[in-house]
Amino acid sequence: MLDPQIQKELEPLEQQMQFELRRSERKRKQLSKYLEEDYITLKDSGEPQNFSEAMESFEKGEWIKVMEEEMNSLHENHTYDLVDLPKEEKP
């Protein structure tokens, strides 16, 4: 704890240091070159949530193609390596 005399000397300094915050008056620019009405809202229900839903969709062929591309990419990038399961482990 500070000495009362030092505390008294610091009080005027603390009062001088206090200031009121103010908001900027700068005009905001539009962040996008497109208007808000030009955007499309995507729904969560637009894509299959699992393999079964993908195979039941009208775009089944496209989903299969995309899945194969993803699997090839994972393989080419050595994201994982297939190994034999140790004898003491169950699959």
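Residues numbered from 1 in each chain as written. Predicted model: local features only at pLDDT ≥ 70, side-chain atom pairs only at ≥ 80, totals over all residues. Heavy atoms only, no water.

Q: Sorry if this is basic, but what is going on with a positive patch on the surface here?
A: Where like charges cluster on the molecular surface, the positive patch consists of R23, R26, R28 and K29. Examined against the element boundaries, R26 turns out to sit in the loop between α1 (4–17) and α2 (51–56). (Patch = residues over 30% accessible without salt bridge, like charges linked within 9 Å, V, L, I, M, F, W, Y side chains within 5 Å. Areas by Shrake-Rupley, 256 points an atom, 1.4 Å probe, with all protein chains shown as cover. Salt bridge = Lys/Arg side-chain N within 4 Å of Asp/Glu carboxyl O. Lys, Arg positive; Asp, Glu negative; His and termini not counted. Charge placed at Lys NZ, Arg CZ, Asp CG, Glu CD. Helix = DSSP H or I, 4+ residues; strand = E, 2+ residues; numbered from the N terminus.)

Q: I'm lost on the confidence of the model for the chain in this one. Help?
A: Parts of the prediction with low pLDDT should not have their coordinates interpreted in detail. Per-chain confidence: the chain averages 79 in pLDDT, with 78% of residues scoring 70 or above. Across the chain, element-level confidence peaks in helix α3 (residues 60–76) with a mean pLDDT of 92 and bottoms out in α1 with 70. (pLDDT = per-residue confidence, 0-100.)

Q: How should I be thinking about unusual backbone geometry in this particular structure?
A: Of all residues except glycine, most have a negative phi; of all peptide bonds, most are trans. Within the chain, H78 stands out as a residue other than glycine whose phi angle is a positive 50 degrees. Looking at where H78 falls in the secondary structure, it is placed in the segment after α3. The class for H78 is exposed, based on a relative accessible area of 60%. (Buried < 20%, exposed > 50% of the residue type's maximum accessible area, 1.4 Å probe, protein only.)

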